[in-house]
Each structure stands twice: as structure tokens, then as C-alpha cells.
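# Remarks on the overall topology
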Amino acid sequence: MDSKNILITGGAGFIGSHVVRLFVNTYPEYRIFNLDALTYAGNLENLKDIQEKPNYTFVHGDITDIDFIKNLFCEHRFDGVIHLAAESHVDRSITDPLAFAKTNILGTMSLLNAFKELWQDNWEGKRFYHVSTDEVYGTLGETGLFTEETSYDPNSPYSASKASSDHFVRAYAETYGMPIVISNCSNNYGPNHFPEKLIPLFINNIINEKPLPVYGDGNYTRDWLYVIDHARAIDLVFHKGENRETYNIGGFNEWKNIDLVKLLCKLMDAKLGREEGASEKLITYVKDRPGHDLRYAIDASKINRELGWKPSVTFEEGLAKTIDWYFDNKEWLHNVTTGTYQEYYDKQYQNA
Ligand code: NAD
Ligand code: TYD
């Protein structure tokens, strides 16, 4: 694909910032536009190292602003879109589901529509890539894996809004012939992860000797992937994936929450020079998340077989790099955990 103007949405967020960095550094011939509304989850500090690069432009804007998006597409005539902007936290979707419908469904439609209006007479060389989640498949029991053929069965307002946006992307391909590709990825972890999600929240709480709020009995399973390996997969799918195909991306790396938390405690004790077992004492079992999915696990054999992708780091390596990053970036952590973050934290964990 010889596209020149590439729009990445949500590029100031966790995964988006790694994708923007990879594209800006790997493809000097592309002009990369990062469109982000800078919600609580968006942070331009994530991109300090590339902000002056000549092939990078930041655009502050909201994907749900239909006229603004239409004008932006007319102005820059994006050949490719990599769409990551979203409301992304399940717990927030439980307290404010409408915000998720607005950004994740309406926002995706606004981008699809602007792309359609621009290119519907000639789709040659164009691509709309929608980045989605494995949570659209609902929950697994003790066994089995999500494949690309697994039926959608979302349980949370977050996963329902992502499932809906996936359906609209497919519908634009079927109805208008739009060249689209979708990937559904498992739980990411790594640098720049906002500390409302399990791993960075617990790293922050261990540093500050605060309780570690484990939902329910902790016997929920997630499949963890290092964020830079997700960004590498996105690069491959964008350039080499087949039109109208879906690719599942996962870490081949299932952990029960409680086992993961205990491993994290052990690594953090070593890093902080605390006696072994000190951080485990912070584990506090709290009220379960409503509609909590028991288990996610991805069969990533299609992307491995067809595009040659596999994770480049083991979980042990990835977790060690992640912990090191949070220690080396205390200012980043301080900046995102002050102000409105504290209000969210107090409300969400009032019983912890
Ligand atoms: P994030 O919450 O860290 O970042 C989302 C970004 O989108 C933020 O920069 C935010 O400012 C921006 N944004 C939100 N609403 C916007 C709007 N209306 N207009 C423009 N920008 C807006 O999310 P993330 O974890 O980086 O996830 C990125 C994408 O990957 C999401 O689509 C998510 O569903 C998907 N995904 C995430 C994971 C994961 O484990 N985090 C796994 C699989 C898929
Ligand atoms: P999270 O990081 O929110 O990702 P997701 O809900 O998208 O999988 O949560 C990962 C797992 O950790 C999930 O089973 C919920 C659990 N969890 C806790 O036990 N305590 C917490 O404080 C958080 C945020 C999550």
C-alpha cells in the first residue's frame, strides 16, 4: 500500500501512542495525523519524543463532531485510517454507558461516513482499519479460545459498544464496498497504561502502599499482551491484512487475576527492596464487577499463519519492562494520578 496521508485516531492514549510512534519512526514517507480529543485518557506527554518529527501532526478534535470530521477528511484526504479512539474502561462504561455509545458507536460512524463520502467513487489503495477488542465475544468457560468465527456475545456496555462499532464497519464494507480490516485484541499492558486498569493501578498502589482491590474471588482469567507487540501487529494488519478480514491478536498468555497480582507483588517487592510478601498483604477482596466476564483467551493462529506475527517478548520480560517504565516515569504517574483521577478513584473504590 502506497498511502501517504494516514489518520490515527486516539493516538494520545495508551495503545494509540505506541502505534503513532511506530508509524512516525518507521514510515518517514507517510504523513501521520494523530486526532485525539484529549479526554482524561489522552496525554500528549506520551508522544514527547516524536512531537517535532516532520511527518507528524497532532489534531485536537472529537470524532463525534460530524461536521468537523467531514471537513478534516476533505482537507487532508486521508488514504488510510487506523481507528483507536474510544472510551475503553469497562468500569466507567457501567457508570456512564451513554458516553460509550456516543464515542464508540457514533464516533466510529462519523469516521466511516467521512471516509465513504471521500472515496466511494474509487476505493483503490484506500483502507479503513478498525481496532477492536476480544471482549465483543463475551465470556469463555474454563476451556476453549476465541477464534475469528466465534459469535459476538458482549456483556458490558463497553463491549456492546465496541461490538456495535465492529458491525457498522462490516456494514460499510458490505453496503458501500469500503475496504476495511478489523482486529480484535486481548488485554494489553505496558508503558503509558492509564492507572485505572488492573496492572498500572496495582503498580501505583503498591508503590504507595495502598490496598489492591481484587474483584470477587480473583479467579477471572485474562490473556495479556505487551502493548508494543500489539502495535507491531497493527502495522502488519494495516499493510498486509486482507480486505474485509478480521484478525484476532493475543498473547498466548492466560493468567488468573489473583495469580497475576501475586506475581506483580513479588516483582515489586524485589524492585522496592521490600521484604518478600510485603505487597501481598495489600490484597483486598472487594465487591465484584457486575456482569464480570469469567475468561478471555485468544486463538491468534490466523495472524501468526497468514501474516507471520507472534509476540516478541515473554510475559516475564514485558512485566519487568513495564515496572521499570513506571519507576523511570514517576512524573508521568504523578501527573495522571492527581486532580480528577483522584475523584474517580475515590468513587470507584469507596468500599475497598
Ligand atoms: P485509552 O482509553 O488509553 O485511549 C483512548 C484515546 O481515545 C484517548 O487518547 C482519548 O483521548 C481518545 N478519545 C476518546 N474519546 C474520543 C473522541 N470522542 N474523539 C477523539 N478522541 C477520543 O484506550 P486504549 O487502551 O489505548 O485503547 C485503544 C483502542 O484499542 C480502543 O478502541 C480499545 O477498544 C482497543 N483495545 C484496547 C485494549 C486494551 O487492553 N487496552 C485491548 C484491545 C483493544
Ligand atoms: P481491566 O484492566 O479493567 O481490563 P478488562 O476489564 O478490560 O479485562 O481488568 C482486568 C481484570 O482485573 C478484570 O477481570 C477485572 C479485574 N480488576 C480487579 O480485580 N480490580 C481492579 O481494580 C480492576 C481495575 C480490575
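See the structure shown above.
For clarity, every value in this text was computed on a predicted model and none was experimentally measured.

## Describing the pattern of salt bridges
This model, assessed by the stated rule, comprises 12 salt bridges. For Asp 79, the salt bridge goes to Lys 126, with nearest N and O atoms at 3.7 Å. Here Asp 79 is found in the loop between α2 (66–76) and β4 (80–83), whereas its partner Lys 126 is found in the loop between α4 (97–119) and β5 (127–133), with 47 residues between them in sequence. For Asp 79, a relative accessible area of 15% translates into the label buried. Of the residues examined, Lys 126 reaches a relative accessible area of 15% and is grouped as buried. The salt bridge involving Glu 254 is made with Arg 295; its shortest N-O contact spans 2.8 Å. One end of the pair, Glu 254, is in strand β11 (residues 254–256); the other, Arg 295, is in the loop between β12 (283–286) and α9 (301–307), and 41 residues separate them in sequence. Classification of Glu 254 as partly exposed rests on a relative accessible area of 37%. For Arg 295, a relative accessible area of 5% corresponds to the buried category.

## Some points on the site of ligand 1
Around ligand 1 lies a shell of 28 residues, among which Ile 15, Asp 36, Ser 88, Tyr 158 and Lys 162 are the nearest. Within the side chain of Ser 88, a nitrogen or oxygen atom sits 2.7 Å from an oxygen atom of ligand 1. At 2.7 Å, a side-chain N or O of Lys 162 approaches an oxygen atom of ligand 1. For ligand 1, whose unbound accessible area comes to 840 Å², protein coverage reaches 96%. Elements that contribute at least two residues to the shell around ligand 1 include exactly α1 (14–26), β5, α5 (157–176) and β7 (187–189). Broken down by class, the residue content of the shell around ligand 1 amounts to 13 nonpolar, 12 polar and 3 charged.

## A few points about the sheet that holds strand β1 (residues 5–9)
In spatial order, the strands read β3-β2-β1-β4-β5-β6-β10; together these 7 strands make up an open sheet with parallel pairing. Single-partner strands in this sheet number two, and they are β3 (56–60) and β10 (246–249). Averaged over all neighbouring strand pairs, the angle between strand axes comes to 20°, with direction disregarded. With 6 bridges connecting them, β5 and strand β6 (residues 180–185) associate as parallel partners. Counterpart to Tyr 129 in the pairing with β6 is Val 181. With respect to the sheet, α2 is in contact with β1, β2 (31–36), β3 and β4, its orientation differing from that of β2 by roughly 175°.

## Quick word on the side chain of His 239
Summarising the element assignment, His 239 is placed in helix α7 (residues 227–240). For His 239, the side chain forms a polar contact with the side chain of Tyr 27, separated by 3.4 Å. Contacts of His 239, omitting those with residues within four sequence positions, involve Phe 23, Tyr 27 and Tyr 30.

## Looking at the packing of helix α8 (residues 257–272) against helix α10 (residues 315–328)
Following both chains from N to C, one finds α8 and α10 inclined at 50°, their axes separated by 11 Å at the closest point. By the criterion of interaxial angle, the relationship of α8 to α10 is oblique. Note on packing geometry: the crossing formed by α8 with α10 is right-handed. Along the contact surface, α8 presents Leu 260, Leu 263, Leu 264, Leu 267, Met 268, Lys 271 and Leu 272, while α10 presents Phe 315, Leu 319, Ile 323, Asp 324 and Phe 327.

## A word on the packing of aromatic side chains
Each pair of aromatic rings is reported with the distance of its centres and the angle of its planes. Applying the stated criterion across every chain, the model contains 23 aromatic pairs. Ring-pair connections join several aromatic residues into one group, and the members of that group are Tyr 40, Phe 194, Tyr 215, Tyr 341, Tyr 345 and Tyr 349. Taking NZ or CZ as reference, Arg 92 lies 4.1 Å from the ring centre of Tyr 344, over its face. Sitting over the ring of Tyr 247, Lys 302 keeps its end group 4.8 Å from the ring centre.

Cut-off values and rules
- Numbering of residues starts from 1 in every chain and runs along the sequence as written.
- All chains are assigned letters beginning with A, and all ligands numbers beginning with 1, in the order in which they are written.
- Since the coordinates come from a predicted model, pLDDT governs what is reported: local features require at least 70, and pairs of side-chain atoms require 80 or more to be given and counted, while whole-chain, interface and lining totals use all residues.
- The basis for the side-chain values is all heavy atoms of the structure; hydrogens and waters are excluded.
- Take a side-chain nitrogen of Lys or Arg and a carboxyl oxygen of Asp or Glu: if they are within 4 Å of each other, that pair is a salt bridge.
- Numbering of helices and strands starts at the N terminus; helices are DSSP runs of H or I of at least 4 residues and strands are runs of E of at least 2.
- Each residue is placed in one exposure class: buried if its accessible area under a 1.4 Å probe, protein chains only, is under 20% of its type's maximum, exposed if it is over 50%, and partly exposed if it falls in between.
- One heavy atom suffices: a residue is near a molecule or strand as soon as one of its heavy atoms comes within 4 Å of it.
- Between N or O atoms, a polar contact is any pair within 3.5 Å; within protein, one atom must be a potential hydrogen donor and the other a potential acceptor, and residues adjacent in sequence are included only when both atoms are from side chains.
- For the accessible areas, the method is Shrake-Rupley and the probe is 1.4 Å, while residue cover comes only from the protein chains on display.
- Put simply, Ala, Val, Leu, Ile, Met, Phe, Trp, Tyr, Cys and Pro go in the nonpolar bin, Asp, Glu, Lys and Arg in the charged bin, and everything else, Gly too, in the polar bin.
- We treat two strands as partners when DSSP finds at least two bridges between them.
- The axes used here are C-alpha line fits, helices contributing only the stretch in contact, and every angle between their N-to-C directions lies in the interval 0 to 180 degrees.
- When checking whether two residues touch, look at their non-hydrogen atoms; a contact exists if any pair is within 4.5 Å.
- For classification, angles of less than 35 degrees are called roughly parallel, those exceeding 145 degrees roughly antiparallel, those between 65 and 115 degrees roughly perpendicular, and all remaining angles oblique.
- For a crossing to be left-handed, the near helix must be turned anticlockwise from the far one by less than a right angle; the clockwise case is right-handed.
- By convention, a stacked pair of Phe, Tyr or Trp rings (six-membered ring in the case of Trp) has centres within 6.5 Å and planes under 30 degrees apart, an edge-to-face pair has planes over 60 apart, and any other such pair is tilted.
- Two conditions define a charge sitting above a ring: the NZ of Lys or the CZ of Arg must be within 6 Å of the ring centre, and it must be within 35 degrees of the ring normal.

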